[in-house]
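Structural characterization, general
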Amino acid sequence: AVLSTRRLAPRADRVATLDALASLAEAARRKRWTRPAVDESESLEIRGGRHPVVESVLGRRGSDGFVPNDTRLDPAGQQILLLTGPNMSGKSTYLRQVALIVLMAQIGSFVPADAARIGVVDRVFTRVGASDRLARGESTFMVEMRETADILRQATRRSLVILDEIGRGTSTFDGLSIAWAVAEHLHDTRGSEARTLFATHYHELVALAESKPRLRNAHFEVREWNDEVIFLRRLVEGGANRS
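Described below are features of the structure shown in this document. (Residues numbered from 1 in each chain as written. Predicted model: local features only at pLDDT ≥ 70, side-chain atom pairs only at ≥ 80, totals over all residues. Heavy atoms only, no water.)

1. Looking at the overall build of the chain
Counting its secondary structure elements, the chain contains five helices and 10 strands. Based on the C-alpha atoms only, the size of the chain along its principal axes is roughly 70 × 45 × 40 Å. The average position of the 35 basic charges and that of the 31 acidic charges among the side chains of the chain differ by 8 Å. (Helix = DSSP H or I, 4+ residues; strand = E, 2+ residues; numbered from the N terminus. Lys, Arg positive; Asp, Glu negative; His and termini not counted. Charge placed at Lys NZ, Arg CZ, Asp CG, Glu CD.)

Pasting the structure below:
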């Protein structure tokens, strides 16, 4: 008998759901992902976190492997982690891997980490990359500012905020001022103390840790050897003094 679209669509939807769940289970088995603890706390703790896609690509290329890193965020403790340092050191990968692990945990998947405890996140806000909407009369900088304003209006204490290079679309001092004000708003505004990862080339922002007790500085370790820059991919405490 021929099934009508109305009868076929729900069946197709259930098959698609089973396929997605089976794929996640198979990936978890093959890649030795771990079962996260998802609870009602406000903590976000990841030990040995990895980016699922980057790790797979490196494995196919025969690389030595992905360097795992830890994450600890809490609105009452280490609320904002400010990441400084040069391009290619691993900042953007780290931001995305944390967001992916949180998302995967909350859809019921195992995650690429040694261990993870995810206090339920209401929304994941991201301001990353560069894009424009020229047909609407919006430049790259305008899109960035509009998206940043939306985050600041909507973020709550239970949100996860991922910010990558806020303020880069304008002059250096204006961009630094914008980035500084965004960090201060997320730290100081009651009810908006979202768990935040903030990557920036404005190394002047490390001074915020002196007056903002819930902001911590970190950077990815880099070594210089015989006029070469060697990226170690390890997240360490403290700010970088140059980019």
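Past the structure itself, the notes keep going.
2. A few points about the sheet that holds strand S9 (residues 215–225)
Each strand in a sheet pairs with its neighbour through backbone hydrogen bonds, running either in the same direction (parallel) or in the opposite one (antiparallel). The sheet built from six strands is open, its strands ordered S6-S7-S8-S4-S9-S10 with mixed pairing. This sheet does not close on itself; its edge strands, each paired only once, are strand S6 (124–127) and strand S10 (228–237). In this sheet, neighbouring strand axes are inclined to one another by 15° on average, regardless of whether the strands run parallel or antiparallel. Taken together, the five bridges between strand S4 (residues 80–84) and S9 define a ladder with parallel strand orientation. Opposite Leu82, over in S9, you have Asn217 as the bridge partner. (Pairing = 2+ DSSP bridges. Axes fitted to C-alpha atoms, helices over the stretch in contact; angles between N-to-C directions.)

3. What to know about the nonpolar core
With 27 residues, the main nonpolar core has Leu44, Ile46, Tyr94, Leu160 and Leu197 as its most contacted residues. Of all elements in the fold, only helix H1 (5–31), strand S2 (44–49), S4, helix H3 (91–106), strand S5 (115–119), strand S7 (160–164), strand S8 (195–199) and S9 reach the threshold of two or more residues within this core. When residues in this core are grouped by element, the largest group, eight residues, is from H3. The residues touching Leu160, leaving out its near neighbours within four places in the chain, are Leu44, Leu73, Val98, Ala99, Val102, Val121, Arg123, Val124, Phe125 and Arg195. Ranked by size, the runner-up nonpolar core spans 19 residues in total, among them Phe125, Ala155, Ala179 and Tyr202. (Core = buried A, V, L, I, M, F, W, Y, C linked by side-chain atoms within 4.5 Å. Buried < 20%, exposed > 50% of the residue type's maximum accessible area, 1.4 Å probe, protein only. Contact = heavy atoms within 4.5 Å.)

4. A few points about the sheet that holds strand S3 (residues 69–73)
Pairing within the open sheet is mixed, and its four strands lie in the order S1-S5-S2-S3. With partners counted over all chains shown, the strands left at the sheet margins are strand S1 (37–39) and S3, one partner each. Put simply, the sheet's adjacent strands are angled 15° from each other on average, direction ignored. Examined bridge by bridge, S1 and S5 share three bridges and lie parallel to one another.

5. Re the packing of helix H4 (residues 140–154) against helix H5 (residues 172–188)
Look at H4 against H5: their axes get within 11 Å of each other, and the N-to-C directions meet at 15°. By the angle between their axes, H4 is roughly parallel relative to H5. As for the relative orientation of H4 and H5, their crossing is left-handed in sense. Counting all contacts with H4, which are made through Phe141, Met145, Thr148 and Leu152, the residues of H5 involved are Ile178, Val182, His185 and Leu186. Here the residues of the contact of H4 with H5 sort into six nonpolar, two polar and no charged. (Parallel < 35°, antiparallel > 145°, perpendicular 65-115°, else oblique. Left-handed = near helix turned anticlockwise from the far one by under 90°. Nonpolar A, V, L, I, M, F, W, Y, C, P; charged D, E, K, R; others polar.)

6. A word on H5
When the terminal C-alpha atoms of H5 are compared, their 24 Å separation across 17 residues agrees well with the 24 Å that a helix rising 1.5 Å per residue should span. In this structure, the buried side of H5 is in contact with S4, H4, S7, S8 and S9. (Expected span 1.5 Å × (residues − 1).)

7. Quick look at the pairing of S8
Extensive coverage of S8 is indicated by the burial of five of its five residues. Residues Arg195, Leu197 and Ala199 of S8 are buried on one face, and the alternating residues Thr196 and Phe198, pointing to the opposite face, are buried as well. With four bridges connecting them, S4 and S8 associate as parallel partners. Across the sheet, Leu83 pairs through a bridge with Ala199, a residue of S8. Note that S7 and S8 share five bridges and pair parallel. Looking across to S8, one finds that Ile162 is bridged to Leu197. Handedness of the crossover is the feature at issue here: the chain leaves S7, passes through H5, returns alongside S8, and the resulting connection is right-handed. (Right-handed = clockwise from strand over helix to strand, strands pointing away.)

8. Structural notes on the packing of aromatic side chains
All told, the structure shown has one aromatic pair when counted by the stated rule. Measuring from centroid to centroid gives 5.6 Å for Tyr94 and Phe220, while their planes differ by 70°, and the two rings are edge-to-face. Taken together, the residues span a long stretch of sequence, with Tyr94 in helix H3 and Phe220 in strand S9 at a distance of 126 residues. Judged by its relative accessible area of 2%, Tyr94 falls in the buried class. Overall, the relative accessible area of 3% leaves Phe220 in the buried class. (Phe/Tyr/Trp six-rings, centres within 6.5 Å; stacked < 30°, edge-to-face > 60°.)

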